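Summary of the model geometry
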Amino acid sequence: GYCICYAGTQQKLCVYGPQFSCYQIPRLSILEARQTPFTPHLCCNVPQYFSPYRPILKNYQQFRALVFAVKEINKDLDLLPNITLGFHINDNHQIEWKISIICLSLLSRKDRMAPGYKCGRQNPLLSVIGGDNPKSSRQMASTFSLFKVPQVSGLHWTQLWSKNNRSTSKEFAQYEGLVQLLLHFQWNWVGLMAPEDDDGEHFISSMLPMLKEKEICLAFTDKYKFDIDDLTDLKMLHLFKAFSSVEVIILFGDSHSFATVLVALRCHEELTKKPALKVWILTSHWKVNVIGSQGILKDIQRFHGALHFRDHMADVPEFSHFLLSLDPLNPQGDTFLPLWWEWVFSCRFHPILRNGNVQGKQCTGKENLQNVPTALFETSMTGESYNIHNAIYAVAHALHGGCSHGEGPSPGNCQLTMPDRRSRFFQILPYLRKVQFNNSAGDEISFSKNGLGSGGCDILNWVLLPNGSFVPMKVGQINPGASPGQDLTINSDAIIWKVPFARCGMKRCQAGERRRVPEGQQVCCYHCGSCPEGTISNQTDAASCDPCPEDQYPNKDKDHCMAKKLHYLAYQDPLGYTLASLTLSLSMITLAVLAIFRKHHDTPIVKANNRDLTYLLLISLLLCFLCSFLFIGRPGKLTCLFRQIAFAILFALAVSSVLAKTAMVVLAFMATKPGNSARKLLGKPLTNSILTGCPLVQGMICTIWLAKFPPFPNMDFHSLVGEAILQCNEGSALMFYAVVAYLGFLALVSFTVAFLARKLPDSFNEAKFITFSMLVFCSVWISFLPTYLSTKGKSMVAMEIFSILASGAGLLACIFFPKCYIILLRPGLNCKENIMRHKNL
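Going by an unreviewed UniProt entry, the chain carries the name G-protein coupled receptors family 3 profile domain-containing protein and comes from Naja naja. You can read under Sequence similarities (unreviewed entry) in the UniProt record for the chain the words "Belongs to the G-protein coupled receptor 3 family."

Glancing now at the environment of Asn439. For Asn439, the position within the fold is in the loop between strand 14 (436–438) and strand 15 (444–448). According to the relative accessible area criterion, Asn439 is buried, its value standing at 8%. On a C-alpha basis, the gap between Asn439 and Tyr393 in space is 8.0 Å, while along the polypeptide they are 46 residues apart. Side chain to side chain, Asn439 and Tyr386 meet in a polar contact 2.8 Å long. Among the polar contacts made by the side chain of Asn439, one reaches the main-chain amide nitrogen of Asp443 at a distance of 2.9 Å.

In this section: the sheet that holds strand 27 (residues 712–716). With mixed pairing, 3 strands are arranged side by side in an open sheet as 26-28-27. Where the open sheet ends on each side, the last strands, each with one partner, are strand 26 (565–567) and strand 27. Here the average twist between neighbouring strands, direction ignored, is 30°. Across 5 bridges, the pairing between strand 27 and strand 28 (residues 723–729) is antiparallel. Its bridge partner lying in strand 28, Met715 is registered against Leu726.

UniProt marks residues 575–597, 613–633, 645–669, 690–707, 734–757, 769–789 and 801–824 with the feature "transmembrane region" (unreviewed entry), using the numbering shown here. The span residues 734–757 is 96% helical and 0% strand by assignment, and the distance between its end C-alpha atoms comes to 34 Å. As a span, residues 769–789 carries 100% helix and 0% strand, and end to end its C-alpha atoms are 31 Å apart.

Next up on the list: the packing of aromatic side chains. One pass over the structure, following the stated rule, counts 30 aromatic pairs. Where Phe68 meets Phe319, the ring centres are 5.4 Å apart and the plane angle is 75°; that geometry is what we call edge-to-face. A residue pair is termed long-range when its members are at least 10 positions apart, and Phe68 in helix 1 (residues 60–75) and Phe319 in helix 8 (residues 319–324) qualify at 251 residues. Comparing Phe68 with Phe319, the two get one shared label, buried.

So, how was this worked out
Residues numbered from 1 in each chain as written. Predicted model: local features only at pLDDT ≥ 70, side-chain atom pairs only at ≥ 80, totals over all residues. Heavy atoms only, no water. UniProt positions renumbered as here; feature names shortened; annotations may be inferred. Helix = DSSP H or I, 4+ residues; strand = E, 2+ residues; numbered from the N terminus. Buried < 20%, exposed > 50% of the residue type's maximum accessible area, 1.4 Å probe, protein only. Polar contact = N/O pair within 3.5 Å; in protein donor to acceptor, adjacent residues only side chain to side chain. Pairing = 2+ DSSP bridges. Axes fitted to C-alpha atoms, helices over the stretch in contact; angles between N-to-C directions. Phe/Tyr/Trp six-rings, centres within 6.5 Å; stacked < 30°, edge-to-face > 60°.

Encoded structure:
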């Protein structure tokens, strides 16, 4: 048959018998309890059950998992026909020299230490299942890798080991899960404890950058030795120097760390007279190793409520039944079973007689394992046993793969045929790397970057009941294959304790606040300050405040953004409908004046003032009033494009009409003087020239404006708080000022001419009225410019509309109201004789 070596640590187990005839090994004397004198220097009592030389009761399940897997494989006629697997167990105690001796002995012949030469043995070594921590597995790998012996780590992260292995992706996945756990409970002030060895250094160096990236601070980072004798030093008190300021402690360690930490906790409580009520977070290397006494259950109550990362485990059928069927009266070659039974139930199969009296309780062999606290022994498969089970099956499937392909062992009877037995070690290695199968629990098992099996682990909550029962409750799990943010699942309601604060600051920064770290403090020890104006924070403990999008603004509490209200001159606004009503009123008045002049077009006062120019001026004023509607309402592409153009051309036409009327008044007076040639200029040619040329110049300016810099709708998000101004961007401010300046130029020319002709002897001399109208016009637009530049949004638009209406109303009132007064109220003055009389004077 073939043999598999299991080099478990502190297992103190050996099996021999007819069914496992590979090795006949002597019973290890270490099975007997060795009491070590221990005199503590600290003022605390260290119980004797902390002796590291007693067997660890809970590890017995791992041995039974090995036996169970080998038996199942040997019964499977399809997996390894004509092959019987055996195993050999060695106890290395995690002692370096002992690990080296065991490794060399496995590589040598029985009677001589000669690594690589095993001619005296008939049963080839197929693989080595490593110990219960990475440190011993790495030391083993440094030897076995030289001889290409396949080594599979049987505990914790099951993987193929090489001498250069330091960590795996699965290990980092667990560290990332630990960080996510802290983030889930919003803890940023924790303590970190790790052994004073290479593994502890590696854990700390791996965790520090991950914690720093997530702004999680360490209240303290302490290293401890796992040698119990070292606990006599007063340095142990240094481990808990920061207990008063931290509520959550991350504890990294292995099976030996348990005794060290429990002794330290007991010392701390006896010295301070206070219970160490902390939340412990334990990594997957940790396990409760109760070593031979139920008295320790009282001490591990200090870990009540701890969160424990453990390797993912599944329910392997028949394994619990296999454990519960243990019979110490019929051990079937398991010579350790009776001894283990005595330790678990604190009894003896062969009681010792002293002074004629029986010492201790006698074992019946009928004791119920289901009544044993889980801290001593678990009847369901643990993660470590599950890994051993998978490791044994992986070796069996690798051997099956070698036989099926006709390589290595021959396909007929799968016997090794290669003459040089040194080559047999690595024949199975290529198949072991490519192994893939479904185990009896239904999980798909294969070697990947995460090791053997999946990279997941379970999160257990330690529940220690008053009656001594230890119940690890599963409250979450880590699945590295899940999408980011979904790889950690945890049921906080299932955890027995109230979530501690575990933060450096006394209060958390709420929404609307940001963190502010005082000088010299860690990033976690921050104060809170209100967000600056224009920014918000919508989460707790925000590192900074973020500005709102352009179309939004912060609310009063600065915890979320609100959509900005569109700001424009709408008809529904009081200012909007006031200006619209004023525009309609002035338009109706203009139409009324036009109707009056049209009705009395044959009267002397209408004829004397050039009816055609009067009608044109009234129509242009009407259109000027109506163009105000282009400025009211939601700005659109067409309204932005034409409103300033319409205003500029229509007012140019109106002012040109006034200029033409003024010029006609002056020329008409000059023509009455003898010998004056002004009569030749009178008539339609001059009028048409003014009415055509002046607006044409304005039209050319507007054409260039539209062609080069067309106006367009635009949003201004910054001028007003809480509002977004929907306005027309004029495209070019220079072109806008150019058309306004041209209107001012025409108005100034009209005003100058009218001012010079204001004293001409004419009863109905329009020059006086034009002078006043141009004075009003120029005053309005001169005051318009600074006011326009100093306002924003609807006020700016309203200012321009008011300027249009005021200047147009000035022209209408100054030029036409006196004439309407005569036409409607003083018709006696509207006669030719009255006009001629004043002309003769």
